[in-house]
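Below, each chain spelled out in residue letters.
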Amino acid sequence: MTPDGLRELLCRAEGESHDFKLKLHDTSSPQGKVSLVCDVLSMANTPRDGDAHIVFGVKELGNGSINRVGVDHVPDDADWQQILGSAVESPPRFSLEPVQLDGLLYAVLTVPPERRGPYLVRPEWRSKFKEVGSGTLVPGVIYYRRGSSNTPAGGDAIRWIVHWIASGVVEPMRGGAASREGGWERFLNRVHGFADSRHYLLISPRMEAGQVKDLKGLAVPSWSAVLDLDPDSENGGLMGSLEEEIQRENSLYRVVPQDPAMALGGRRSVQWIFAKGLASEPGSVGSLSFRQWSAQFSKNLGRHLAQLAAALAPAPVTCVILGYSDAEAPVFQAILAELSGSVGEALDVLIATDDPPVYQQLAGMFEASIVHISVNELCAGLVHLQPQSAHLEHERMLPSLSGAPVALDPADVPWIEEELEVLYLDSPSEDSDADSGDFLAGSEISWYALNRRRDIDRVKTSQLSTKVVRELDSGGSAVRVNLYHTPGAGGTTVARRVLWDLHTVYPCVVLRGNPSAQYAGNRWADSSRRCVSCFRILLWPITTGRRACHPSYLARSSGSLRLSR
């Protein structure tokens, strides 16, 4: 980077390939290491034609102008390279160099537009820094630049990134707020990644533990308060499901509207407010109409909310409403009215729902955002936000329509994996690559070798990937894409490369070729119609050796799973 090149950068506004930072990352601290990795991965994953830059020593003033401050030193490039090398499998290339301009020293980090990603942080590396908020640099999540911010990708954004990696073409990203695709990404954006600088409130209707998979995911965010509309929540509801999980990390205080005051705790405390009272309390009555509820509870509830707002001030407050019960909409409105009066301009409201039209009026009244996402996808995504733990390491995660990673039901794993080789979101370990040298001797390339990009980029790969993505996104009936090649020409490697590049966007499987695989395909397709996590499955049959798929069998299986080779 020359002084003239830096002068040109300083004349630009911040954007997807250009960022200003006042201070260098303090890589002696966990937060500094995580921030550095997140910045570099976000730049590297963002589709673009030219280099991306981060200029250190510049204060962005928020109105389009900057203050040139400079830095007192520039770290050794090798130190930062070492951090990225330990945090990321096959890390992106970048450089850090000092540049003098007008008497000031700047540090300029440059990330070239190499299409070897998408790049993900290693779960084992991220788990070392549990003191850094769990919503920052989540394992299994692709980060990219959206505007001037680092953002988790999902749905449309992932397809946009993968298309650029496969084809080299930077196309406009499509998709709108009304679509369920990308719902998880929009949810994370609206809650600011559950940043430590904000307080979070949850308003929930009755949630049946047996009907919502991964309901315990709602215990992952650090809620300041939960307003529970279920009087019987302790018995098979939200409180009964989350109590043990929350108390592992926080103090939990039960509050009913008739309590004279709340025992407000510190940052690691949760006020669980039973907004409709508790069924176990003396004098409790059964189901109440909105008018009865308002007369009996709203005044005392408003007093508690005012006390809570005073304790949370002056930090901004995000209120998340689980809009999965149309009958509770009037109560949601009454509670938001009280919160708006107590919290004021610091309140930000987000409604997560699988039926957006029902909540349009409520959103308009309180300037709330609506995110179209199912409760199963929301909870599955929240589970994935928590630090990597032993029970999660063995879960088999797949991408969903919203972009939230979801786990394959353990009960389904044996019969699915018997005939279908499933590409899960977790990176393959080196142990799975028994003899990586066999590929160079003509053997089939392993997923680990593909993750390390030991194959050679081919023009045919990007053409095939683009065609497959187009067919998948069309949402039509099953389509066969034929790839003809002579033995040893690399056709299998190209096919497996396409699957590997797309497996973070679509559930991808390899059909092993046994006749009983049709039963597995049919059964999974039936399950997919009941499970929000499975959609647009990309199927690829094995066509080499003695276990080649018979065309008639392949046609039947592809009809079940919607797409085949």
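Residues numbered from 1 in each chain as written. Predicted model: local features only at pLDDT ≥ 70, side-chain atom pairs only at ≥ 80, totals over all residues. Heavy atoms only, no water.

Caption draft 1: The overall build of the chain, seen in detail. Summing up its helical and strand segments, the chain has 18 helices and 20 strands in all. Residues classed as buried in the chain amount to 53% of the 565 residues present. Excluding contacts between residues fewer than 6 apart, the proportion of contacts in the chain whose partners are at least 24 apart in sequence is 71%. For the chain, the computed accessible surface area is about 24600 Å², with 49% contributed by carbon and sulfur atoms. (Helix = DSSP H or I, 4+ residues; strand = E, 2+ residues; numbered from the N terminus. Buried < 20%, exposed > 50% of the residue type's maximum accessible area, 1.4 Å probe, protein only. Contact = heavy atoms within 4.5 Å. Areas by Shrake-Rupley, 256 points an atom, 1.4 Å probe, with all protein chains shown as cover.)

Caption draft 2: Examining the sheet that holds strand β14 (residues 347–353) more closely. One open sheet accounts for 7 strands, arranged β11-β12-β10-β9-β13-β14-β15; its pairing is parallel. Pairing within the sheet leaves two strands with one partner each, and these edge strands are β11 (251–255) and β15 (369–372). Taking the axes of each pair of neighbouring strands and ignoring which way they run, one obtains an average angle of 20 degrees across the sheet. Sheet strands touched by helix α6 (residues 183–190): β13 (317–323), β14 and β15. Its angle to β15, the strand with the most contacts, is close to 150 degrees. (Pairing = 2+ DSSP bridges. Axes fitted to C-alpha atoms, helices over the stretch in contact; angles between N-to-C directions.)

Caption draft 3: Quick peek at the nonpolar core. Judged by nonpolar contacts, the single largest core of 71 residues is most densely connected at L109 and F187. If we skip the residues at most four places from it in the chain, L109 touches L36, V40, A52, H53, I54, F56, W80, F94, S95 and L96. (Core = buried A, V, L, I, M, F, W, Y, C linked by side-chain atoms within 4.5 Å.)

Caption draft 4: A look at the sheet that holds strand β2 (residues 52–56). One open sheet holds the 4 strands; their spatial order is β1-β2-β6-β5, and the pairing between them is mixed. The outermost strands of the open sheet, each flanked by one partner alone, are β1 (18–21) and β5 (95–101). Ignoring strand direction, the axes of neighbouring strands in this sheet form an average angle of 25 degrees. Summarising the sheet, β5 and strand β6 (residues 104–111) pair through 7 bridges and their orientation is antiparallel. Across the sheet, P98 pairs through a bridge with A107, a residue of β6. Strands in contact with helix α3 (residues 77–87) are β2, β5 and β6; relative to β5, the strand with the most contacts, it is inclined by about 145 degrees.

Caption draft 5: Quick peek at the packing of aromatic side chains. What the rule picks out here adds up to 10 aromatic pairs. Relative to W160, the ring of Y144 has its centre 6.1 Å away and its plane inclined at 75 degrees; by these criteria the two rings are edge-to-face. Of this pair, Y144 sits in strand β7 (residues 143–146) while W160 sits in helix α5 (residues 156–167), placing them 16 residues apart in sequence. For the pair Y144 and W160, a shared accessibility class is recorded, and that class is buried. (Phe/Tyr/Trp six-rings, centres within 6.5 Å; stacked < 30°, edge-to-face > 60°.)

Caption draft 6: Summary view of the pattern of salt bridges. Considering all chains together, one arrives at 22 salt bridges under this definition. D230 is the partner of R206 in a salt bridge, and the nearest nitrogen-oxygen pair spans 2.3 Å. Here R206, found in the loop between β9 (199–204) and β10 (225–228), pairs with D230, found in the loop between β10 and α7 (238–247); they are 24 residues apart in sequence, far enough to count as distant. The exposure class of R206 is partly exposed, given its relative accessible area of 30%. On the accessibility criterion, D230 (6% relative accessible area) is buried. Among the salt bridges present, the one from R248 reaches E245, with a minimum N-O distance of 3.3 Å. Assessed through its relative accessible area of 56%, R248 is described here as exposed. (Salt bridge = Lys/Arg side-chain N within 4 Å of Asp/Glu carboxyl O.)

Caption draft 7: Expanded view of the packing of helix α2 (residues 30–45) against α3. Here α2 crosses α3 at 80 degrees, and the two axes come no closer than 10 Å. Of the possible angle classes, the one that applies to α2 and α3 is roughly perpendicular. Contact residues: α2 offers K33, L36, V37, V40 and L41, while α3 offers W80, I83, L84 and A87. Here the residues of the contact of α2 with α3 sort into 8 nonpolar, no polar and 1 charged. (Parallel < 35°, antiparallel > 145°, perpendicular 65-115°, else oblique. Nonpolar A, V, L, I, M, F, W, Y, C, P; charged D, E, K, R; others polar.)

Caption draft 8: Structural view of the packing of α6 against helix α11 (residues 375–385). The geometry of α6 relative to α11 is characterised by a closest axis approach of 10 Å and an angle of 60 degrees between their N-to-C directions. With respect to α11, the element α6 is oriented oblique. Here α6 runs over α11; the crossing is right-handed. Of α11, the residues touching α6 (which contributes W184, F187 and L188) are L378, G381, L382 and L385. Among the residues making up the contact of α6 with α11, the classes are represented as 6 nonpolar, 1 polar and no charged. (Left-handed = near helix turned anticlockwise from the far one by under 90°.)

Caption draft 9: Summary view of the environment of R48. Structurally, R48 is set in the loop between α2 and β2. Of the residues examined, R48 reaches a relative accessible area of 7% and is grouped as buried. When the C-alpha atoms of R48 and W164 are compared, they prove to be 8.3 Å apart, with 116 residues separating the residues in sequence. Setting aside its immediate chain neighbours within four residues, R48 contacts S17, M43, V111, P112, P113, W164 and V170. From its side chain, R48 meets the backbone oxygen of V111 in a polar contact 2.9 Å long. Reaching out from R48, the side chain makes a polar contact with the backbone oxygen of P112 at a distance of 2.8 Å. (Polar contact = N/O pair within 3.5 Å; in protein donor to acceptor, adjacent residues only side chain to side chain.)

Caption draft 10: Seen up close, unusual backbone geometry. A cis amide bond links G117 to the next residue, P118, at an omega of 0 degrees. Along the chain, P118 falls in the loop between β6 and α4 (123–126). At the junction of A313 and P314, the peptide bond is cis and its omega measures out at 5 degrees in the coordinates. Residue position: P314 is located in the loop between α8 (290–312) and β13.

Caption draft 11: Spatial organisation of the confidence of the model for the chain. The predicted model of the chain has a mean per-residue pLDDT of 80, with 80% of residues at 70 or higher. Confidence, expressed as mean pLDDT per element, reaches its minimum in the chain at helix α18 (residues 551–561) with 40 and its maximum at β6 with 96. This stretch, residues 388–393, has a pLDDT under 50; its non-local contacts, to residues over four places away or in other chains, come to 9 contacts. When the criterion is pLDDT under 50, residues 542–565 qualifies, and its contacts beyond four places in sequence or with other chains add up to 70 contacts. (pLDDT = per-residue confidence, 0-100.)

Caption draft 12: Representation of the pairing of β7 within the structure. The sheet contact formed by β7 and strand β8 (residues 149–152) spans 4 bridges and is antiparallel. Following the sheet pairing, Y143 is matched in β8 by P152.

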